[in-house]
Amino acid sequence: MSRDQLSRVFAALADPTRRDLVARLSLGDATVGDLAAPYQVTVQAVSKHLKVLEEAGLVTRGRDAQRRPVHLEAEVLGVMTAWIERYRAQAEERFRRLDELLERMAADEEELDEEETS
Amino acid sequence: MSSTNKTEIIASDKAPSIVIIREFDAPRERVFRAWTDPELYAQWVGPRSVSTKITKWSVRTGGEWAFTNIRDGEEIASFFGSFHEVRAPERVVWTFTWEGEPDGVSLETMTFEELDGGRTRITTLSVAESFEIRDQILASGMEVGVIEGYEKLDEILARSA
């Protein structure tokens, strides 16, 4: 169950509109209408995205029958973000080493050019 | 400035894949060489605390590769695979297996794209066998192991249900 859940969270966050919705919900709870307003899409389309986020456990809906405000479960997001961020940081560490190597290679090439021209 | 080059990670919902994108302030030929010359590759791959010993490296279509990570004189992990395609200076495709999970294999495609100003973008696409394995790979670097991570997630999800 938990691994399926994890995949659902990754899948939910793979979509740019849903990432944007999550970013906006991180500022505070909002109704579906509030969330749909800045997009060129219908309330129904935003509701569909919210359903995916809800099934992943990333958002919950308030009990207020009229407004049903959407609430971001920041802790769930935090766990996932930490995993991906950690993975990203490891890749970044590798690539910084590659940056340094590429600089050394450039310096070696310059030296070689100078030897050839002198 | 290399400090402005940010690594981007995308975990897709369409396929059990991980995409890593990064730009480099160096021309494509040089970046390709740093990736395919075994002596150069060993200098940057892996975290700083680990050194890499390359044991096989036939960098050509159909060739094989293998390397071992060493920390404080101790072998901590070994990996192997085949070069499915080597097309200088734009593309390398290889299979990738961690010896700790010898039946597992992912397919990795590295694309080297020439950018303006003598810069290069590398896109690495890794495709695992299942979403479950992809997620384990994503979580593999965590200090808390994957199991504790799942337990923590279970707890949180149970609370938010």
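These numbers were taken from a predicted model, which means no experiment stands behind them.

K.L.:
Tell me about the overall build of chain B, and name the residues and values.
P.N.:
In terms of helices and strands, chain B carries 4 helices and 8 strands. Sequence-ordered secondary structure for chain B, helices as α and strands as β, is β-β-α-α-β-β-β-β-β-β-α-α. For chain B, the residues scored as buried account for 21% of the 161 residues in total. For chain B, the proportion of contacts with a sequence separation of at least 24, taken over those separated by at least 6, is 31%.

K.L.:
So what's going on with the domain arrangement of chain B? Which residues, and what values?
P.N.:
All names here are of chain B. Domain boundaries in chain B define domain 1 (2-129) and domain 2 (131-161). On the side of domain 2, 5 residues touch domain 1, which itself brings 7 residues to the contact. For the side of domain 1 that touches domain 2, the residue count by class is 4 nonpolar, 2 polar and 1 charged.

K.L.:
Please provide a residue-by-residue account of the environment of E132 of chain B, values included.
P.N.:
Residue placement: E132 of chain B occurs in helix 3 (residues 131-139). For the pair E132 of chain B and F80 of chain B, spaced 52 residues apart in sequence, the C-alpha separation works out to 21 Å.

K.L.:
Tell me what's going on with the nonpolar core, and back it up with residues and numbers.
P.N.:
Formed by 30 residues in total, the largest nonpolar core has its most connected members in V9, V22, L53, L58, V59 and M80 of chain A together with L138 of chain B. Broken down by secondary-structure element, the contributors of at least two residues to this core are helix 1 (2-13), helix 2 (16-25), helix 4 (43-55), strand 2 (70-72) and helix 5 (74-117) of chain A together with strand 2 (17-24) and helix 3 of chain B. At 6 residues, the largest contribution of residues to this core is made by helix 5 of chain A. Residues lining this core come from more than one domain, with at least three contributed by each of domain 1 (2-129) and domain 2 (131-161) of chain B. The residues touching L58 of chain A, leaving out its near neighbours within four places in the chain, are V9, A12, V22, L53, L72, E73, V76 and L77 of chain A.

K.L.:
Please provide a residue-by-residue account of unusual backbone geometry, values included.
P.N.:
Across residues other than glycine, the phi torsion is negative in most instances, and most of the peptide bonds are trans. Following A88 of chain B, the chain continues to P89 of chain B via a peptide bond in cis, the omega torsion being -5°. Position of P89 of chain B among the secondary structure elements: in the loop between strand 5 (74-87) and strand 6 (91-98). One non-glycine residue with positive phi stands out, namely R68 of chain A, at about 40°. Structurally, the position occupied by R68 of chain A is in the loop between strand 1 (59-61) and strand 2. Residue R68 of chain A is classed as partly exposed on the basis of its 14 C-beta neighbours within 10 Å. In this model, D72 of chain B sits at a positive phi of 50°, which is unusual for a non-glycine residue. As for its position among the elements, D72 of chain B is in the loop between strand 4 (64-71) and strand 5.

K.L.:
Hey, could you go over the environment of I18 of chain B for me, with residue numbers and the actual values?
P.N.:
All names here are of chain B. Assignment of secondary structure puts I18 in strand 2. Its 24 C-beta neighbours within 10 Å are what place I18 among the buried residues. Put simply, I18 and D135 are 117 residues apart on the chain and 9.2 Å apart in space, counted from C-alpha to C-alpha. Apart from the residues within four sequence positions on either side, I18 is in contact with I9, A11, S126, R134, I137 and L138.

Procedures and definitions
- Residues numbered from 1 in each chain as written.
- Chains lettered and ligands numbered in written order.
- Predicted model: local features only at pLDDT ≥ 70, side-chain atom pairs only at ≥ 80, totals over all residues.
- Helix = DSSP H or I, 4+ residues; strand = E, 2+ residues; numbered from the N terminus.
- Buried ≥ 20, exposed ≤ 12 C-beta atoms within 10 Å, placed from the backbone.
- Contact = placed C-beta atoms within 7 Å.
- Domains from an automatic or database assignment.
- Nonpolar A, V, L, I, M, F, W, Y, C, P; charged D, E, K, R; others polar.
- Core = buried A, V, L, I, M, F, W, Y, C linked by C-beta atoms within 7 Å.

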